Amino acid sequence: MVQSINPSNNELIKSYQEISDAELQNILERMQTAFENWKQQSFSFRSSLMKNAAEILRKKREEYSKLMTLEMGKPISQSKAEIDKCAWVCDYYADNAEKFLTDEIIKTDSTKSFVTYQPLGVILAVMPWNFPFWQVFRFAAPTLMAGNVGILKHASNVSGCSLAIEEVFSEAGFPEFVFKSVILSSSRVKELISNPIIQAVSLTGSVPAGKSVASVAGSFIKKTVLELGGSDPYVVLEDADLTETVQTCVNSRLINGGQSCIAAKRFIVVKEVYDKFTELYVDFMKHKKMGDPFDETNDIGPQASVKLRDELHDQVLRSIDAGAKLLLGGFVPEVKGAFYPPTVLADVKPGMPAFDEELFGPVAAIVKAEDEDDAIKLANKTVFGLGAAVFTKDATRGERIAKEKLNAGSCFVNQFVRSDPRLPFGGIKESGYGRELSVFGIREFVNIKTVSIK
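Attention here is on the structure that accompanies the text. In this text, all values refer to a predicted model and were calculated from it rather than measured experimentally.

**With respect to the layout of surface pockets**
- In this model, the largest pocket occupies a volume close to 980 Å³.
- Taken together, 35 residues make up the lining of the largest pocket; nearest its centre are Trp 129, Gly 205, Ser 206, Val 207 and Ala 209.
- For the lining of the largest pocket, the class distribution of residues is 18 nonpolar, 12 polar and five charged.
- The computed volume of the second largest pocket comes to approximately 440 Å³.
- What lines the second largest pocket is a set of 23 residues, among which Lys 85, Phe 131, Ile 255, Arg 418 and Ser 419 lie closest to the centre.
- Mapped onto the lining of the second largest pocket, the elements with two or more residues apiece are helix H4 (76–100) and helix H5 (134–145).
- At five residues, H4 tops the list of elements feeding residues into the lining of the second largest pocket.
- Classifying every residue of the lining of the second largest pocket gives 10 nonpolar, seven polar and six charged.

Structure below.
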């Protein structure tokens, strides 16, 4: 039995029965049959259904937002914004998939030669709880528009969201078994990946989960796209507009209650402005309100579970023991639920959990750097490489640093790191490989096939 627990009060929302092996095999076989028909449908037909999905998301925005907030605790305003973004990605691929996958003529010695993009089949998505709708739709929209079919194994604590997403595609008119959610425990993912009907796997999750999925998929020569953890560095240079920079940095740190792979994690500040930045940061952070996620005046709700909250607190305590200075927060509130307050650690250095590990919650780690070169060195001193940002009034300087110096899949100047359907998204090093979104994302799960004619 899989349970969904409300992190605001630790009460059971609903229990879900896992499907049996026989039921799972039947679903996979029916999905394979559905694929044989779906791949022959025109882009215009697929597009019309994807547009329907976008409209259903907008129509049921309130319902789906409440479900998200109930199951994993994000502020309701952020849940609403997430549904809006899901509708956007549906529209984006409905409008652009055909252009992205049009045959490309290449002149060779042959009479005609070209590259064509053909769907692979049944694609498995193993998705996390932190963005229960967005993570799925950024996979599903391009995957289905490319002519594949998708099977979703979602995080157990957001099973309601998982089934609601299947409902969206069903109501939009997608043929049965083109998209399917299955309730499974994580222990059964290995067996699912090994099933010969599964052609490829997309996973968003932790580094250990990514290593496990990549290992299993690799043993069966199946392609994977992995979006894993991050410890995003935000480099603050001496000429940054500190007031604007601090607001951006605080807001980025608290996105989704701090439970985002691309939320700002480490703030690496050159010594000339370190003290002023830290003072402003603490002042801005302490005005952020924690409480009921359904109250739109609150900035953060609970963490997704008590277990995850306690793991975060342990990282904070170990960092303090190693010499970090606690300036704000850093305690477990005596209230029901998985709450953890906005927390600031200063004088963070390599070797501390707050520097070396991903802090998946509302905890900021402020690091002092000697100068620009030292800041970049500290920024890149991580096993991760998902996102990074740099703040400076010199746009040319910022562009050079973002382009050439910071080692990450997405680098932003004077703004927080975020995903956008029009831009590729993904990481390097232990943050994973492959790309989602844009033209690059839709081409991950297709056969890039050469055709040559004499």
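Still more ground to cover, so stick around.
**Notes on the sheet that holds strand S10 (residues 233–236)**
- Strand order across the open sheet formed by seven strands is S12-S13-S14-S11-S10-S15-S16, with mixed pairing between neighbours. Two strands close off the open sheet at either side, each with one partner strand: strand S12 (325–328) and strand S16 (410–413). Mean inter-strand twist for the sheet, computed between neighbouring axes without regard to direction, equals 20°.
- In this structure, S10 lies alongside strand S15 (residues 387–391), joined through three bridges in parallel fashion. The partner of Tyr 234 across the bridge, within S15, is Ala 389.
- Sheet strands touched by helix H9 (residues 242–253): S10, strand S11 (266–270), strand S14 (363–369) and S15. Its angle to S10, the strand with the most contacts, is close to 170°.

**What about the packing of aromatic side chains?**
- Counting across every chain of the model gives 16 aromatic pairs.
- Judged by centre distance (5.7 Å) and plane angle (35°), the ring pair of Tyr 234 and Phe 391 falls under tilted. Residue Tyr 234 is found in strand S10, and its partner Phe 391 is found in strand S15; the two are separated by 157 residues along the sequence. This pair shows no difference in class: Tyr 234 is buried, exactly as Phe 391 is.
- In this structure an aromatic cluster arises from ring pairing among Trp 38, Phe 45, Tyr 64, Phe 133, Phe 137, Phe 169, Phe 174 and Phe 179.
- Positioned above the aromatic ring of Phe 43 is the side chain of Arg 46, whose terminal nitrogen or guanidinium carbon lies 5.0 Å from the ring centre.
- Stacked on the ring of Phe 416, the Lys or Arg Arg 418 has its end atom at 5.4 Å from the ring centre.

Rules and cut-offs
Once a new chain begins, its residue numbering starts again from 1 and follows that chain's sequence as written. Local features in this predicted model are restricted to residues of pLDDT 70 or higher, and side-chain atom pairs are both shown and tallied only at a pLDDT of 80 or more, whereas totals for entire chains, interfaces and linings draw on every residue. With hydrogens and water set aside, each side-chain value is computed from the structure's full complement of heavy atoms. In the cavity and pocket records, a cavity denotes points on a 1 Å grid over the protein atoms alone where a 1.4 Å probe fits but cannot get out, a pocket denotes an open set with protein on both sides within 12 Å along at least 5 of 7 lines, and lining residues are residues with an atom within 4 Å of a point. Grid points are joined across faces, edges and corners, and a volume is the space filled by probe spheres set on the points. Nonpolar residues are Ala, Val, Leu, Ile, Met, Phe, Trp, Tyr, Cys and Pro. Charged residues are Asp, Glu, Lys and Arg, and all others, Gly as well, are polar. For helices the rule is a DSSP run of H or I covering at least 4 residues; for strands it is a run of E covering at least 2, with both sets numbered from the N terminus onward. Following DSSP output, two strands are said to pair if at least two bridges run between them. Under this scheme, a helix contributes an axis fitted over its contacting stretch, all axes are lines through C-alpha atoms, and angles between N-to-C directions fall in the 0 to 180 degree range. Only heavy atoms matter for contacts: two residues are in contact if any of them lie within 4.5 Å across the pair. For this analysis, a ring pair means two rings from Phe, Tyr or Trp (six-membered ring only for Trp) whose centres lie within 6.5 Å, classed as stacked if their planes differ by under 30 degrees, edge-to-face if by over 60, and tilted for the remaining angles. Each residue gets one of three labels from its accessible area relative to the maximum for its type: buried under 20%, exposed over 50%, partly exposed in between, using a 1.4 Å probe on protein chains only. We call a charge positioned above a ring when the Lys NZ or Arg CZ atom is no farther than 6 Å from the ring centre and deviates by at most 35 degrees from the ring normal.

Such coordinate-based values are descriptive only and should not be taken to indicate function.
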